[in-house]
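Below, each chain spelled out in residue letters.
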Amino acid sequence: MKRFIKYPIFLTVLFLTLTACSENFLEPEPKSFFAPENVYTDKSGFEAQLVTLRKNLTREHSGPRGTALIHSQWIFGETHIGGAFMHFNRDLGPITSSDWFEINGTIEDMYRFIKDANVVISRINDIEWDNQGDKELILAEALWHRAYWYNRMVNSYGDVPWIGEEVRSARVDFKTHTRGAILDKIQSDLENHVIGVLPTSAEPGAVSNGAANHLLTRVAMSNADWDTAIEAATRVIDGPYDLMTDRFGVEADDPRHNVIWDLHRAENVHAGDNTETILASVDRYSDPDDVKTSGSYRTYKYNPSWHHSRVQDSEGAACTYRPSEAEMDTLLGAAQWDTLGQGATSAPPNQFFQYHVWEENGYTYENTPDLRRRGGSNWWEIDEILCNVPESVDYGQPALTAAQNGTIGGQPPGLIHTSLFAANVYKTYYPEQDGTPWGGNADLYIFRLAETLLLRAEAYYWNNQPGLAAADINRVRQRAGAEPVDAGDVTIEYIFDETIRELFFETPRQNDLIRVALYVAEEGIPTEYGTFSMEDFANDNWAYQRIIHTNDFYPQYEGPYVGDTTPIGFELPLGWQYRFLSGTTPTISPHHVLWPINGDFIQANTQGTINQNPGYPGVERNEPPLETIEDEETY
């Protein structure tokens, strides 16, 4: 999705009403029946806006490569890179636009979602409420959504402008607030107006008290308030939730699968017997077109493009291709078409994700007892991708062997890693209900109990309670069949490895990297990679070091596998060997861990200063950010 829009319109879209992108946005328009003053006149009008807020959550996971927000989070971390947008030293800046990558568009979207919440918050007292409890419930959910998106935003961009009310006229005088000021505000809102107000259980897509406490856990951790984080997480863990440990749901009787597979079937996410779901998005093919998304696109984004012409056999002829519908019942490889679909590899995985993060306690990916890696049909291994072109001399043989013995289709050699890799299909298999198998509509997790346990484990770690941290981690590992970890082996590196194993593609990865990087820099806490400071954050930081010690795509890779080769035969790090057709190759610098503020916002804000993050053009015009939020709280 292209994101180039002239900046006066950009500012109007984001900071005014975000409801129109017309070039005539300054011209007066007739009053609409659906104007706010005609909608928010009773309880039903406000409840309709809550539906919009809930629908906004589908943007985390659903939609093509340039629209799903969590997609961008994981290609900025330790396990993946962007398929074509990965040359950050060249391409990542204040005026970045790519339909492969959502970055400047992320802040636009988040402010739009915050606007949607602010409409409810600002207008909640405009009517006489028959039932004060109804008002408090609606306000609590709106405050939750605002807190959710601000927590995401400050852990993507750092300091940003705070907008705490509905903006009803044009403004160009916004100022940057500190990340800490915004976190203090949303933590206060959650503690004083949300926790204990929302219901214990809620309909699919709606926010419960468990989701409120889970979000408070995340916000308090962003604020380095470990005691509050532990208390909030404990209320969730001791509540009406439990890890799923037995087979359940739509494929419970299929012996090929296990509970890990069951957990991630779209039909099971909101199943009545699923006690692990705290909050999940709702996106179903049966819903009206204006309610559902275009699909999850999980298959398209994360599965290998195994059918591509670059996959050639040992004689340089086509090895794989997309079979026609008529060939499905008879053609070898129909099963891999059904499961792997038409992958386009918008986020190719590295060797760390496929293999190395699973190497612990003497196990490898091949013999680990961990169901999350070797659990029956949970993964499609690289050597299980077969040549399916009947005329190929290697027909029926692993495409990997053909690639090792043959050619790579005349394209940049390393690009073969987008077509041949091991795929964690239990999190990418969402069959298309209609059309090309790119990943159909699916309910997907926003929060589940396994994440709450791992968050509390991290809070315990920072609170110098390693035994309790290990206990929480081991509850998650026990369900997966993995061996327990000893308290003495719990480090922040281990916790982040474990969250990869359990939560990949689910949680905001870049946000978590930033959260820890800022904390250890602010406090000067020694880490495995050294001690960092805020003064030098743009030149070196924990998140950057964590990335270059794990992500073997980057030429700076310093992990323990330097010099090893990939299954296809390329030496690590891949670096320049992995190039897209445009010559794009993976590069990253320390300042990239905090994303740039959209340059159009900064230029259009002529009567105020919106700061740019260090390392990007425009930082020289920064002013000291506001350290307090002085909104008059009317709710």
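Owing to the predicted nature of the structure, the values given are computational and were not obtained by experimental measurement.

Secondary structure summary: the chain contains 23 helices and four strands in total. The C-alpha atoms of the chain give a radius of gyration of 24 Å, which matches the 26 Å a tight globule of 635 residues would have. Its C-alpha atoms give the chain principal-axis dimensions of about 75 × 55 × 50 Å. Going through the 635 residues of the chain one by one, you find that 62% of them count as buried.

All right, on to the packing of helix H7 (residues 132-157) against helix H8 (residues 179-194) then. Between H7 and H8, whose axes approach to 10 Å, the crossing angle comes to 155°. Comparing the axis directions of H7 and H8 gives the class roughly antiparallel. Here the hand of the crossing between H7 and H8 comes out left-handed. Between H7 and H8, the contacting residues are Ala140, Leu143, Trp144, Arg146, Ala147, Tyr150, Asn151, Val154 and Asn155 on the first element and Arg179, Ile182, Leu183, Lys185, Ile186, Asp189, Leu190, His193 and Val194 on the second. For the contact of H7 with H8, the class distribution of residues is 11 nonpolar, three polar and four charged.

The next point concerns the nonpolar core. Trp144, Tyr150, Met153, Val160, Leu420, Phe447 and Trp542 are the most contacted members of the largest nonpolar core, which totals 173 residues. Apart from residues no more than four positions distant in its own chain, Phe447 is found in contact with Trp144, Tyr148, Ala211, His214, Leu215, Thr277, Ile278 and Leu279.

Evaluation of the coordinates by the stated rule reveals 45 salt bridges. Here Arg479 ties to Glu276 by a salt bridge, and the two come within 2.8 Å at their closest N and O atoms. Highlighted residues: Arg479 in helix H19 (residues 466-480) and Glu276 in the loop between helix H12 (266-269) and strand S3 (277-280), separated in sequence by 203 residues. Residue Glu276 is classed as buried on the basis of its relative accessible area, which comes to 0%.

Here a ring pair, both rings aromatic, is described through the centre-centre distance and the interplanar angle of the planes. Applying the stated criterion across every chain yields a total of 31 aromatic pairs. Pairing Tyr40 with Phe46 gives two aromatic rings, centres 5.3 Å apart and planes at 50°, and the pair type is tilted. Both residues of the pair, Tyr40 and Phe46, belong to the buried class. Through a chain of ring-to-ring contacts, three or more aromatic side chains come together here, namely Trp74, Tyr302, Phe353, Trp358, Trp379, Tyr426, Phe504 and Phe505. The ring of Trp261 carries the charged tip of Arg265 above its face, separated from the ring centre by 4.1 Å. Lying over the aromatic face of Trp379, Arg373 brings its terminal NZ or CZ to 3.8 Å of the ring centre.

Another aspect to go through is the state of the cysteines. In this structure the tally under the stated criterion is one disulfide. Here Cys319 is linked by a disulfide to Cys387, with a sulfur-sulfur distance of 1.8 Å. The sign of the S-S torsion, about -80°, decides the handedness of the disulfide formed by Cys319 and Cys387: left-handed. Highlighted residues: Cys319 in the loop between helix H13 (298-302) and helix H14 (334-340) and Cys387 in the loop between helix H16 (371-374) and helix H17 (399-405), separated in sequence by 68 residues.

Next up on the list: the confidence of the model for the chain. The share of residues in the chain with pLDDT of 70 or more is 91%, and the mean pLDDT across the chain is 90. Mean pLDDT across the secondary structure elements of the chain bottoms out at helix H1 (residues 7-15), with 42, and peaks at helix H18 (residues 449-462), with 99. Scored below 50 in pLDDT, residues 1-33 makes 64 contacts in the model with residues more than four places away or belonging to other chains.

This next bit is on H7. Here H7 spans 37 Å end to end across 26 residues, near enough to the 38 Å set by a 1.5 Å rise per residue. Summarising burial for H7: 21 of the 26 residues are buried, a large majority. Two to three positions downstream of the cap, the backbone nitrogen of Gly133 sits 2.7 Å from a side-chain oxygen, assigning the N-cap of H7 to Asn131. The first or second residue beyond H7 is Gly158, which carries a positive phi of 85°.

With that settled, the discussion passes to the environment of Asp564. In this structure, Asp564 sits in the loop between helix H22 (542-548) and helix H23 (599-604). According to the relative accessible area criterion, Asp564 is partly exposed, its value standing at 36%. A C-alpha to C-alpha distance of 53 Å links Asp564 and Thr606, two positions 42 residues apart in sequence. Not counting residues up to four positions away in its chain, the partners in contact with Asp564 are Phe570, Glu571 and Leu572.

Let's shift gears to the side chain of His591. Inspection of the secondary structure assignment puts His591 in the loop between H22 and H23. Here His591 falls in the buried class, since its relative accessible area comes to 17%.

Mapped onto the elements of the fold, Lys185 is located in helix H8. The contact partners of Lys185, leaving out residues within four places of it in the chain, are Arg146, Trp162, Ile629, Glu633 and Tyr635.

Across residues other than glycine, the phi torsion is negative in most instances, and most of the peptide bonds are trans. Of note, the amide linkage connecting Leu572 to Pro573 takes the cis form, showing an omega dihedral of 0°. Backbone geometry at Asn361 places phi at a positive 55°, although glycine is not the residue there. Within the fold, Asn361 resides in the loop between helix H15 (351-354) and H16. Asn361 gets classed as partly exposed once you look at its relative accessible area, which sits at 48%.

It is worth spelling out H19 at this point. With 15 residues, H19 extends 21 Å between its outermost C-alpha atoms, agreeing within 8% with the 21 Å of an ideal straight helix rising 1.5 Å per residue. By the largest-angle criterion, Asn474 marks the main kink of H19, which is about 25°. Among all positions of H19, only Ala469, Ala470, Asp472, Ile473, Asn474, Val476, Arg477, Arg479 and Ala480 are buried. Just downstream of H19, Gly481 is the residue with a positive phi angle, here 80°.

Let us look at the packing of helix H3 (residues 43-56) against H7. Packing of H3 against H7 leaves a shortest axis separation of 11 Å and a crossing angle of 25°. Our classification of the angle between H3 and H7 gives roughly parallel. H7 is crossed by H3, and the crossing has left-handed handedness. Contact residues: Lys43, Phe46, Glu47, Leu50, Leu53, Arg54 and Asn56 in H3; Asp134, Ile138, Glu141, Ala142, His145 and Trp149 in H7. Classifying every residue of the contact of H3 with H7 by side-chain character gives six nonpolar, two polar and five charged.

Scoring rules and cut-offs
Residues numbered from 1 in each chain as written. Predicted model: local features only at pLDDT ≥ 70, side-chain atom pairs only at ≥ 80, totals over all residues. Heavy atoms only, no water. Helix = DSSP H or I, 4+ residues; strand = E, 2+ residues; numbered from the N terminus. Rg over C-alpha atoms; globule rule 2.2 N^0.38 Å. Buried < 20%, exposed > 50% of the residue type's maximum accessible area, 1.4 Å probe, protein only. Axes fitted to C-alpha atoms, helices over the stretch in contact; angles between N-to-C directions. Parallel < 35°, antiparallel > 145°, perpendicular 65-115°, else oblique. Left-handed = near helix turned anticlockwise from the far one by under 90°. Contact = heavy atoms within 4.5 Å. Nonpolar A, V, L, I, M, F, W, Y, C, P; charged D, E, K, R; others polar. Core = buried A, V, L, I, M, F, W, Y, C linked by side-chain atoms within 4.5 Å. Salt bridge = Lys/Arg side-chain N within 4 Å of Asp/Glu carboxyl O. Phe/Tyr/Trp six-rings, centres within 6.5 Å; stacked < 30°, edge-to-face > 60°. Lys NZ or Arg CZ within 6 Å of the ring centre and 35° of its normal. Disulfide = S-S within 2.5 Å. pLDDT = per-residue confidence, 0-100. Expected span 1.5 Å × (residues − 1). Polar contact = N/O pair within 3.5 Å; in protein donor to acceptor, adjacent residues only side chain to side chain. Bend = angle between axes of the 7 residues up to and from the residue.

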